Amino acid sequence: MSAQKVDADVIIIGSGVMGGLIACQMAKAGKSVIILEAGPRVSRQEIVERFRNSPFKMSLTNVKLQGVGSPYPNPPHIPSTYGDYLQQVGPVKYPTKYLRVVGGTTWHFGSALWRMIPNDFKLNTLYGRGRDWPFGYEELEAWYGKAEHELGVSGVDGQDESGQGGKAWPPRSTPFPMPGLPTSYLFDRLTEMLGKGGYNPVLEPNGRATKPWGKRPMCGGNNNCNPVCPIAAKYDGSMHIDEAERLGAKLLDNAVVYRIEAADDGKITGIWYKKPDGSEHHLTADYFVLAAYGIESPKLLLMSTSEKYPNGIANSSDQVGRNLMGHTGISMNVMMSEDVWPGQGPTELLVYLNNRDGVFRKDFPSYKIKVRNTVPTADYAASLIEKGVLGSKLDAEIRRQSARSLNFAIDFETLPLAENRVTPSKTKKDAIGIPLPEIYYSVTDYWHAGKEAGLKDFHKFAELLNAEILSIDTKFQDRQHIMGTTIMGDDPHNSVVNRDCRTHDHPNMWIAGTSVMPSASCMNPTLTGAALSLRLAEHMLQTMKTEVAG
């Protein structure tokens, strides 16, 4: 511990699910904690009211429609990612959407909370692609169980989540904290029809309560998990931040960290942050956790240059910001020949994982196919009115499209490519003078081979469902799953953090979240990030105990 007085034992940068989990563990252990969040607090009532009053019922609206689109705030000191904040410089756009508010992006996530499966941890060894993790599934299994309990996950015990319709997989030492959500008529009908083609239904583990859980009520099936659960049945990171504050942690909102300081011996000594008025402030601690998600975390590290660290903090490997991954995907709209009535229950639950794992991964990536259980009625109405459909015909057609229109989306695994990266812009800054993130992103022939396999599934789906294909979009859709930019590994020469998420270069700084993941799989990464964060917290507390004793 430092001989000099510091502001806190631990400083955590970022108040999303990862920062909140770690803050709770630190505070429970009696450590003094300061959490810094770039954005403001938001209240559920305020967000729900904005969403209710908006003529555009979607969260992914361009910032130009702010106030009538995305219900989340867009103050000048934290420009919204729905606009042109992310500077795209690569051949493929990476227009990811994340929230800079207290509680982070889980406010508007779809709530999918999947485990990876064992083979996802050894992609290079098994299939000659990407990177292996420095440890296997068995090391993370117990932490997955703890993360499921912390986040209040509901799921179906005994499912084969590999998608092969066989035995329960992956291995579990604990059951889901809550039983899964009931299926709707749509899901039951699709299961029946697609099953004839050998497609095995899998119900998604998720963060929606199916019974009272803590302060969360049971899911009411409001069908707007994204952009906001109106009754707080769905988990979001603000819940752990609230708990951390009750345990004594201190939260500083509207505090944009722009610099991390390190001494010549490698120890991180302090951070600098700006308030919305541009004023600059300094804080010190003995230990630091960077939990600002996969774009802001590497940007901050790369901005923190000095004579001793000309390439930024934690970057002796030149891997900070590199290996950007996501689940770049495609989608299909179809018109069923019968009424199936989507929109009942949560926005997503039923998926197909026949190509989640197999020797094919040598040739094309794993992928999942998900049913989007949403009904954009306002879009249907606007399109029909524009075509001149009015009166009783308009009403009938809205009903028909609402009952029969379906959207299927594919999420493809991507690989950690060094050229895909995040860097601070050299020319563009935000309102308080901090560089915007610049993103270079691309896909390879490996991804395109996956796309061709996915298109075959789309056409087979349409055939089995006796549905008309209205459109197929193959234009590199972003799924908002940011991974890889502070990658984990045993070798300090080609990774940023070690197997415990501790930076190779700085003994008192850890990095939390999905940015440390060496592989992406094809599944939503939040639960893996949460499991890693709980594991990180235990290792960090053991380190603190050892150093005090020493």
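Residues numbered from 1 in each chain as written. Predicted model: local features only at pLDDT ≥ 70, side-chain atom pairs only at ≥ 80, totals over all residues. Heavy atoms only, no water.

1. A few points about the overall build of the protein chain
Within the protein chain, the secondary structure is distributed over 11 helices and 18 strands. The globule rule puts the C-alpha radius of gyration for 550 residues at 24 Å, and the 23 Å found for the protein chain is close to it. Expressed along its principal axes, the backbone C-alpha trace of the protein chain runs to roughly 75 × 50 × 45 Å. Looking at the protein chain alone, contacts between residues at least 24 apart form 74% of all its contacts between residues at least 6 apart. Total accessible area on the protein chain stands at roughly 21000 Å², and carbon and sulfur atoms take up 51% of it. Separation of charge centres in the protein chain, based on 59 positive and 60 negative side chains, amounts to 2 Å. (Helix = DSSP H or I, 4+ residues; strand = E, 2+ residues; numbered from the N terminus. Rg over C-alpha atoms; globule rule 2.2 N^0.38 Å. Contact = heavy atoms within 4.5 Å. Areas by Shrake-Rupley, 256 points an atom, 1.4 Å probe, with all protein chains shown as cover. Lys, Arg positive; Asp, Glu negative; His and termini not counted. Charge placed at Lys NZ, Arg CZ, Asp CG, Glu CD.)

2. Considerations on helix H10 (residues 445-465)
For H10, spanning 21 residues, the distance from its first C-alpha to its last is 30 Å, which sits close to the expected 30 Å at 1.5 Å a residue. Every buried residue of H10 is accounted for by Tyr-446, Trp-447, Gly-450, Lys-451, Ala-453, Gly-454, Leu-455, Asp-457, Phe-458, Phe-461, Ala-462 and Leu-465. On the buried face of H10, the contacting elements are helix H5 (185-195), strand E11 (329-335), strand E12 (350-352), strand E13 (367-372), strand E14 (405-412) and strand E17 (468-477). (Expected span 1.5 Å × (residues − 1). Buried < 20%, exposed > 50% of the residue type's maximum accessible area, 1.4 Å probe, protein only.)

3. Some details on the packing of aromatic side chains
Under the definition given, this model contains 16 aromatic pairs. Seen in terms of ring centroids, Phe-408 and Phe-461 are 5.3 Å apart; in terms of plane orientation they differ by 85°. Their pairing is edge-to-face. In this pair, Phe-408 sits in strand E14 while Phe-461 sits in helix H10, placing the two residues 53 residues apart along the sequence. With centroids separated by 5.5 Å and ring planes inclined at 75°, the aromatic side chains of Phe-412 and Trp-447 adopt a geometry described as edge-to-face. Here Phe-412 is found in strand E14, whereas its partner Trp-447 is found in helix H10, with 35 residues between them in sequence. Grouping residues by exposure puts Phe-412 and Trp-447 together as buried. A connected cluster of aromatic rings, assembled from ring pairs, spans Phe-121, Trp-133, Phe-135, Tyr-137 and Tyr-144. A cation over an aromatic ring shows up here: Lys-146 above the ring of Trp-143, its NZ or CZ 4.0 Å from the ring centre. In this structure, Arg-172 packs its charged tip against the face of Phe-176, placed 3.9 Å from the ring centre. (Phe/Tyr/Trp six-rings, centres within 6.5 Å; stacked < 30°, edge-to-face > 60°. Lys NZ or Arg CZ within 6 Å of the ring centre and 35° of its normal.)

4. Quick notes on the environment of Gly-220
Considering the arrangement of structural elements, one finds Gly-220 in the loop between strand E6 (201-203) and helix H6 (238-246). Between the alpha carbons of Gly-220 and Val-153 there is a distance of 16 Å; along the sequence they are 67 residues apart.

5. Examining the nonpolar core
By size, the foremost hydrophobic cluster in this structure holds 79 residues, and its most contacted members are Val-10, Ile-11, Leu-36, Ile-260, Ile-271, Leu-301 and Met-540. In terms of residue count, helix H11 (residues 526-549) provides more of this core than any other element does, nine residues in total. For Met-540, the residues in contact, after removing those within four places along its chain, are Val-10, Met-26, Tyr-287, Phe-288, Val-289 and Trp-510. With 45 residues, the next largest nonpolar core counts Leu-190, Met-193, Ile-330 and Tyr-367 among its residues. (Core = buried A, V, L, I, M, F, W, Y, C linked by side-chain atoms within 4.5 Å.)

6. A closer look at the confidence of the model for the protein chain
Per-residue pLDDT for the protein chain averages 95, and the proportion of residues at 70 or more is 97%. When the criterion is pLDDT under 50, residues 60-67 qualifies, and its contacts beyond four places in sequence or with other chains add up to 17 contacts. (pLDDT = per-residue confidence, 0-100.)

7. Digging into the sheet that holds E14
With antiparallel pairing, the six strands of this open sheet are ordered in space as E6-E12-E13-E14-E11-E17. Edge positions in the sheet fall to E6 and E17, since each of these pairs with one other strand and no more. Across this sheet, the average inter-strand angle for adjacent strands is 25°, counted without regard to direction. When E13 meets E14, the two strands line up antiparallel, connected through six bridges. Bridging across to E14, Val-371 finds its partner in Phe-408. Seen against the sheet, H10 touches E11, E12, E13, E14 and E17 and runs at an angle of roughly 160° to E17. (Pairing = 2+ DSSP bridges. Axes fitted to C-alpha atoms, helices over the stretch in contact; angles between N-to-C directions.)

8. Points about unusual backbone geometry
Where the residue is not glycine, phi is negative for most of them; where a peptide bond is considered, it is trans in most cases. Backbone torsion omega between Trp-169 and Pro-170 reads 0°, so that peptide bond is classified as cis. For Pro-170, the position within the fold is in the loop between strand E4 (154-155) and strand E5 (178-179). A cis amide bond, omega 25°, links Asn-226 with the succeeding residue Pro-227. Residue position: Pro-227 is located in the loop between E6 and H6. Of note, Trp-341 is a non-glycine position whose phi angle comes to about 55°, a positive value. Classification of Trp-341 by relative accessible area gives partly exposed; the value is 43%.

9. Structural notes on the packing of helix H1 (residues 17-28) against H11
Following both chains from N to C, one finds H1 and H11 inclined at 30°, their axes separated by 9 Å at the closest point. Relative to H11, the element H1 lies roughly parallel. Considering only the axes of H1 and H11, their crossing is right-handed. Residue-level contacts link Val-17, Met-18, Leu-21, Ile-22, Gln-25 and Met-26 of H1 to Thr-526, Gly-529, Ala-530, Ser-533, Leu-534, Leu-536, Ala-537, Met-540, Leu-541 and Met-544 of H11. Each residue belonging to the contact of H1 with H11 can be placed in one class, and the counts come to 12 nonpolar, four polar and no charged. (Parallel < 35°, antiparallel > 145°, perpendicular 65-115°, else oblique. Left-handed = near helix turned anticlockwise from the far one by under 90°. Nonpolar A, V, L, I, M, F, W, Y, C, P; charged D, E, K, R; others polar.)

10. Here's the deal with the pattern of salt bridges
Using the criterion set out here, one finds 29 salt bridges in the structure. Across the pair Arg-50 and Glu-46 runs a salt bridge, and its minimum N-O distance is 2.9 Å. Highlighted residues: Arg-50 and Glu-46, both in helix H2 (residues 44-53), separated by four residues, approximately one helical turn. A residue is classified by how much of its surface remains accessible, and Glu-46, at 31% relative accessible area, is partly exposed. (Salt bridge = Lys/Arg side-chain N within 4 Å of Asp/Glu carboxyl O.)

11. Focus: H2
Of the positions making up H2, those classed as buried are Arg-44, Ile-47, Val-48 and Phe-51. Projected onto a plane normal to the axis of H2, the buried residues spread over an arc of 95° and lie on a single side. Of the residues in H2, the exposed ones pointing more than 90 degrees away from the buried face are Gln-45 and Asn-53. Against H6 lie the buried residues of H2. (Arc of directions from axis to C-beta.)

12. A few points about the pairing of strand E10 (residues 280-290)
Where burial is concerned, most of E10 is hidden: eight out of the 11 residues are buried. Where strand E1 (residues 8-13) and E10 come together, five bridges link them in parallel fashion. Within the sheet, the bridge partner assigned to Ile-13 lies in E10 and is Leu-290. Summarising the sheet, strand E9 (residues 268-274) and E10 pair through five bridges and their orientation is antiparallel. Bridge pairing in E10 links Lys-274 to Glu-280. Counting the residues that bridge the hairpin from E9 to E10 gives five residues, and of these Gly-278 lies at a positive phi of roughly 90°. Bridge count for E10 against strand E18 (residues 509-511) is three bridges, and the pairing is parallel. Bridge pairing in E18 places Val-289 opposite Trp-510.

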